[in-house]
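Per-entry structural report
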Amino acid sequence: MSATLQDVATLAGVSIKTVSNVVRGYQHVRPSTRARVQAAIDELGYVPHSIARRLATGTTGMVAFALPAIETPYFAELAALVSTEIGGFDYRLLIEQTSGSLDDERAVLRGREQGLIDGLIFQPTELDADAIEQFRGSTPLVLLGEIPPPPTVDHVMVDNIAAARAATFHLLHSGRTRIAFLGYAAAAGHATASLRAEGYLSALEECGAHRSDDLLIPMQRFGAFAAEAAVIDAIETGVSFDGLVCFDDLAGIGAMKALARAGRVVPDDVGVVGWDDILMSNFTNPGLTTVRPDKPTLTRTAFRMLRERMDGAGGPGRHETVGFDLVVRGSTAS
């Protein structure tokens, strides 16, 4: 008969909770206690239930999260939340970085990690619904992001149009009359940028606010450096604006640096809104007003849906939208 958690606890002279903490690798266990528990585990040949279950079922206890860029703070924060969420169910996380590469995204779906993982959470940027359906393997899959999913795949996202409208309305209601959108060049081929630009334009139209092509400020790539260069170029070419909706917080941070270089005061001369509420947005000067997606609910929902598929749930793909808040800080305060 196999040894139980209680057998180990009795032999080691500790509680079942302490044995569980040692098995799970919980760090706040005294070294002497950990050694005593480990000695009891070795003597009894105890195999944790989760490991025994995986040996019996052929599962691996690994979930992969495939994302475009681990160095982007938003995705790093999502990865940390996914890791915490799945850890509560005795799973471990494998990170796959696709770098926005079509070939890498295809490889992820084709099962590059076949046999290593039980499920996949994936945020594509290049594949469309038809390609996702064509290249996906048998591994349970949940999609994040704004690319429309095929009808057979579960999907979790934020309503980017509504959030961009909220950000633009905020600037309009604070008295801004010429509001620009930073990051427009990517909109033609980037679903997220396209939806955010759509929401921005919708808010301007609804309020009868000024809109013109010169207020759609292009960025050749994403990131703070590209944003800084794009805003400097716009100012030098005579584009006039007193509000700025940025593709993300990194763009907002780059934009504020460019505005400072040009002698423009934030928020007196230009109000700036970012997106994602990454940690560093609290520490800019002034603090960056930003759209805060509900990242904990996003990751919790994605893993719940994935866990249900890994447990054998069938049926058509499900689509869920999580909420957002607008966090007002000094970059737009009057």
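Right, let's walk through the structure included here. (Residues numbered from 1 in each chain as written. Predicted model: local features only at pLDDT ≥ 70, side-chain atom pairs only at ≥ 80, totals over all residues. Heavy atoms only, no water.)

1. A closer look at helix H3 (residues 31–44)
The first and last C-alpha atoms of H3 sit 20 Å apart over 14 residues, in line with the 20 Å expected at 1.5 Å per residue. Tucked inside the fold, the buried residues of H3 contact helix H1 (5–12) and helix H2 (16–23). Gly45 sits one or two positions beyond H3 and adopts a positive phi of about 70°. (Helix = DSSP H or I, 4+ residues; strand = E, 2+ residues; numbered from the N terminus. Expected span 1.5 Å × (residues − 1). Contact = heavy atoms within 4.5 Å.)

2. Comments concerning the pairing of strand S9 (residues 271–275)
The element S9 is largely enclosed, with a buried count of 5 among its 5 residues. Neither face of S9 is left uncovered, since the one carrying Gly271, Val273 and Trp275 and the one carrying Val272 and Gly274 both have all their residues buried. Across 3 bridges, the pairing between strand S8 (residues 243–246) and S9 is parallel. Bridge pairing in S9 places Gly243 opposite Gly271. In this region the chain leaves S8, passes through helix H11 (residues 249–261) and returns to the parallel neighbour S9; the handedness of that crossover is right-handed. (Buried < 20%, exposed > 50% of the residue type's maximum accessible area, 1.4 Å probe, protein only. Pairing = 2+ DSSP bridges. Right-handed = clockwise from strand over helix to strand, strands pointing away.)

3. Considerations on the state of the cysteines
Inspection of the entire model under this criterion finds 0 disulfides. Cysteine Cys207 remains unbridged, with the sulfur of Cys246 as its closest cysteine sulfur at 19 Å. Taking relative accessible area as the criterion, Cys207 reaches 37% and is therefore assigned partly exposed. (Disulfide = S-S within 2.5 Å.)

4. Some points on the nonpolar core
The biggest cluster of nonpolar side chains holds 44 residues, and the ones touching the most others in it are Leu182, Tyr200, Val231, Phe241, Leu244 and Val272. Of all the secondary structure elements, the ones that give two or more residues to this core are helix H8 (160–173), strand S6 (179–182), helix H9 (191–207), strand S7 (216–217), helix H10 (224–236), S8, H11 and S9. Among the elements that line this core, the one with the most residues is H10, at 7 residues. With residues near it in sequence (within four places) discarded, Val231 still touches Leu182, Phe241, Leu244, Ala255, Ala258 and Leu259. The next biggest cluster of nonpolar side chains, apart from the first, holds 24 residues, and it includes Ile86, Leu250, Ala302 and Val322. (Core = buried A, V, L, I, M, F, W, Y, C linked by side-chain atoms within 4.5 Å.)

5. Structural notes on the sheet that holds strand S1 (residues 62–67)
Reading across the sheet, the 6 strands line up as S2-S1-S3-S4-S5-S11 and stay open at both edges, with parallel pairing between neighbours. The open sheet is flanked by strand S2 (92–97) and strand S11 (319–322), the only strands paired with a single partner. Ignoring strand direction, the axes of neighbouring strands in this sheet form an average angle of 20°. With 4 bridges joining them, strand S5 (residues 154–158) and S11 adopt parallel strand pairing. Within S11, the position partnered with Val156 by the bridge is Glu320. Each of S1, S2, strand S3 (119–122) and strand S4 (141–144) touches helix H6 (residues 102–110); the most contacted strand, S3, lies at about 155° to it. (Axes fitted to C-alpha atoms, helices over the stretch in contact; angles between N-to-C directions.)

6. Describing the environment of Val239
Tracing the backbone through its elements, the reader meets Val239 in the loop between H10 and S8. Using a relative accessible area of 11% as the deciding quantity, one classes Val239 as buried. For the pair Val239 and Gly254, spaced 15 residues apart in the sequence, the C-alpha separation amounts to 17 Å. Those residues in contact with Val239, other than ones at most four positions away along the chain, are Asp214, Leu215 and Ala234.

7. Quick look at the pattern of salt bridges
Under the defined criterion, the tally for this structure stands at 14 salt bridges. Its salt-bridge partner being Asp154, residue Arg309 comes within 2.8 Å of it at the nearest N-O pair. With Arg309 in helix H12 (residues 295–310) and Asp154 in strand S5, this pair connects stretches of sequence that are 155 residues apart. Both residues of the pair, Arg309 and Asp154, count as buried. A salt bridge links Arg304 to Glu308, with the nearest nitrogen and oxygen atoms 3.6 Å apart. Of the two residues, Arg304 and Glu308 both sit in helix H12, 4 residues apart, roughly one turn of that helix. Linked by salt bridges that have partners in common, Asp154, Arg304, Glu308, Arg309, Arg318 and Glu320 make up one network. (Salt bridge = Lys/Arg side-chain N within 4 Å of Asp/Glu carboxyl O.)

Treat this as a map of the structure, not an account of what it does.
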